[in-house]
Each structure stands twice: as C-alpha cells, then as structure tokens.
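Remarks on the overall topology
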Amino acid sequence: MTSLRFPRGLYGVTPEWDDTGRLLRAVEQAAAGGMRSLQLRRKDVPAATRRAQAQALAPLCRELGVVFLINDHWELALEVGADGVHLGRDDGDLAQVRAQAPDLIIGASCYDDIERARAMLDAGADYIAFGAVFPSPTKPAAVRAPLSLFAQALQLARSRPAPRPAVVAIGGITPSNAPLVAQAGADAVAVITGVFEAPDVGRAAAECSRPFLPTPAPEPPRRDPAD
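So, here is what we can say about the structure in this document. (Residues numbered from 1 in each chain as written. Predicted model: local features only at pLDDT ≥ 70, side-chain atom pairs only at ≥ 80, totals over all residues. Heavy atoms only, no water.)

1. Considerations on the nonpolar core
Membership of the largest hydrophobic core comes to 64 residues, with the highest contact counts inside it found for Leu38, Phe68, Ile70, Ile128, Phe130, Val195 and Phe196. Of all hydrophobic cores here, the second largest spans 13 residues; its members include Phe6, Val168, Ala190 and Ile192. (Core = buried A, V, L, I, M, F, W, Y, C linked by side-chain atoms within 4.5 Å. Buried < 20%, exposed > 50% of the residue type's maximum accessible area, 1.4 Å probe, protein only.)

So this is what it looks like as structure tokens:
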C-alpha cells in the first residue's frame, strides 16, 4: 500500500465536551476500535480549557499510538507535544506555519475547492480535507463537497513525492456511509458525531475504520495430500 504522510482510516475529531474524563474514556474506546488519529477541536472555549484538554490528550494519544493534532493553534500543538495542527481558511498562513514548525503534521481544510488543495500542497500540507461530504450536524451550513471530487484530489495527491499527502473527507460521515467515501478515493474520514455520540463508541469506530483496512489476500487452494 502507498506510504502516506498521515494515517489511513478513522480520524476522530473531538466533540464539544467540557468533561475531560468522559472525553479521555471515549478516546480510549475509539482507539480500541481502530481510530488512527485524533483532532482536538474546541472552537469557542477559553484558552485555558483548550490547553488543559490538549495537555491531557497528548500523553494519552502517545500511549495509544494515535496521531494527535490540534485545530487552529499550532503554537499550542508545539507546547503540548502534539503531532500536528489542522488549519482552516482563517487559521493562518500554512507556509508560514510550516516554516516555523517544520516537524508538525499540517492538514488543511479545502472545502470543495481543488485549486485551494493544490495551493495547500504547494505550501507543504501533509493532508488535504474536503467537506462537508454529507449533511453535517456540526456545520449544517457548510459547503458540500461531492464524492466525485475525491478522484481529482487523489490524483493531485499522487502527483506529489512519496510519502504522498493524504486525502481526508469530513462532514456527516457515519459507519453506514464511510464505505462510500473510501470507495470514492479518500484515505481517511474525519468523524465527530458518528463516533463520539454513538451508543457504542468502540463499535462505531471499528465500523468507520473497516472500509480502509487492507483486503486480506485469498488463501491458496489446499492440496490433497494424496496428490
């Protein structure tokens, strides 16, 4: 399988929970179900709350083998020892962040804009994220990114040197529609509600992860010992 700069599979995004203990337990359950990466996304909370949750999640993710990113705040990512940062359109210049934090994994929101994706890759993005793919309870007014966009995005990512950037889908993704996104060409799915608000977090994580697992090679036919 092609080597990627960002893990293939389930990319969990934290819900807006102030209960850090509950959040840590859910992250453990999601990781047990196959979650490969996690983004702390706390948009409208005091900086102290965001920092406290980042400080709690960073060592847990290291222990679990989960790649840990922080939304928007690359300085906080460096402070707590996170692996990376996710940047939206209004979250700073990606090239400048890359220059100041060369070792961080940097992902970029590209909405439904393939030309923005090209520019973000030129600036040093490790993954490009498109969405909302489906109606999103988190961002009901978000621009929609059609599934057909992922073939273009994958072709664009494959034009870059190995290990190549990853293509991420976000927005309204659930265990039932994750296979559609994988088939369309996404390397990973970013999921909030579909995992963390599910009755069984671990099971939902496993179901979202399954479409991205390698297909087992068929077993060779057994020979009759008498032959």
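2. Quick word on helix H1 (residues 20–32)
In this model, H1 (13 residues) spans 18 Å end to end at C-alpha, consistent with the 18 Å of a helix rising 1.5 Å per residue. Taken together, the buried positions of H1 are Leu23, Ala26, Val27, Ala30 and Ala31. Taken down its axis, H1 places every buried residue within 135° of arc, on the same side. Buried residues along H1 sit in contact with strand E2 (37–40), helix H2 (47–64), helix H8 (193–196) and helix H9 (201–209). Positive backbone phi, at 120°, marks glycine 34, one or two positions downstream of H1. (Helix = DSSP H or I, 4+ residues; strand = E, 2+ residues; numbered from the N terminus. Expected span 1.5 Å × (residues − 1). Arc of directions from axis to C-beta. Contact = heavy atoms within 4.5 Å.)

3. Some thoughts on the environment of serine 148
Examined against the element boundaries, serine 148 turns out to sit in the loop between strand E6 (127–130) and helix H6 (149–158). Considering only alpha carbons, one finds serine 148 and glutamine 53, 95 residues apart in sequence, at a separation of 36 Å.

4. Focus on the sheet that holds strand E8 (residues 188–191)
Overall, parallel pairing links the eight strands, which are arranged E1-E2-E3-E4-E5-E6-E7-E8 in a closed barrel. Averaged over all pairs of adjacent strands, the angle between strand axes in this sheet comes to 25°, irrespective of strand direction. As defined by bridge partners, E6 adjoins strand E7 (residues 166–170) across four bridges and the pair is classed as parallel. Residue pairing in the sheet places tyrosine 127 in a bridge with alanine 166 of E7. Sitting on the sheet, H2 touches E2 and strand E3 (67–71), and the angle it makes with E2 is about 170°. (Pairing = 2+ DSSP bridges. Axes fitted to C-alpha atoms, helices over the stretch in contact; angles between N-to-C directions.)

5. Considerations on the pattern of salt bridges
With the rule as written, the count across this model stands at eleven salt bridges. Note that aspartate 18 and arginine 42 form a salt bridge whose closest N and O atoms lie 2.8 Å from each other. On the criterion of sequence distance, the pair formed by aspartate 18 in the loop between strand E1 (9–13) and H1 and arginine 42 in the loop between E2 and H2 is long-range, its members being 24 residues apart. Here aspartate 18 falls in the exposed class, since its relative accessible area comes to 57%. (Salt bridge = Lys/Arg side-chain N within 4 Å of Asp/Glu carboxyl O.)

6. Considering H9
When we look at burial in H9, the residues that qualify are Val201, Gly202, Ala204, Ala205, Cys208 and Ser209. Buried residues of H9, seen end-on, are gathered within an arc of 165° and therefore sit on one face of the element. Taken together, the buried residues of H9 touch E1, H1, helix H7 (178–184), E8 and H8. Measuring from the side-chain oxygen of the N-cap residue of H9 to the backbone nitrogen of glycine 202 gives 3.3 Å; that N-cap residue is aspartate 200. (Polar contact = N/O pair within 3.5 Å; in protein donor to acceptor, adjacent residues only side chain to side chain.)

7. Comments concerning the packing of H1 against H9
Viewed as axis vectors pointing N to C, H1 and H9 meet at an angle of 40°, and their least axial separation amounts to 7 Å. On the basis of their axis angle, the class for H1 and H9 is oblique. Once H1 is placed against H9, the crossing between them reads as right-handed. Note on element contacts: H9 touches H1 through Val201, Gly202 and Ala205, opposite Ala26, Gln29 and Ala30. (Parallel < 35°, antiparallel > 145°, perpendicular 65-115°, else oblique. Left-handed = near helix turned anticlockwise from the far one by under 90°.)

8. Some points on the packing of H1 against H2
Following both chains from N to C, one finds H1 and H2 inclined at 20°, their axes separated by 11 Å at the closest point. When the axes of H1 and H2 are compared, the pair comes out roughly parallel. Where H1 crosses over H2, the two elements pack in a sense that is right-handed. Facing H1, whose interface residues are Thr20, Leu23, Leu24, Val27, Glu28 and Ala31, H2 presents Gln53, Ala56, Leu57, Leu60 and Leu64. A per-class count over the contact of H1 with H2 returns eight nonpolar, two polar and one charged. (Nonpolar A, V, L, I, M, F, W, Y, C, P; charged D, E, K, R; others polar.)

9. What about the state of the cysteines?
A full pass over the atoms with the stated rule returns zero disulfides. Free cysteine: cysteine 61, not disulfide-bonded; nearest cysteine sulfur from cysteine 208 at 17 Å. (Disulfide = S-S within 2.5 Å.)

The quantities given are spatial measurements derived from coordinates; they are silent on function.
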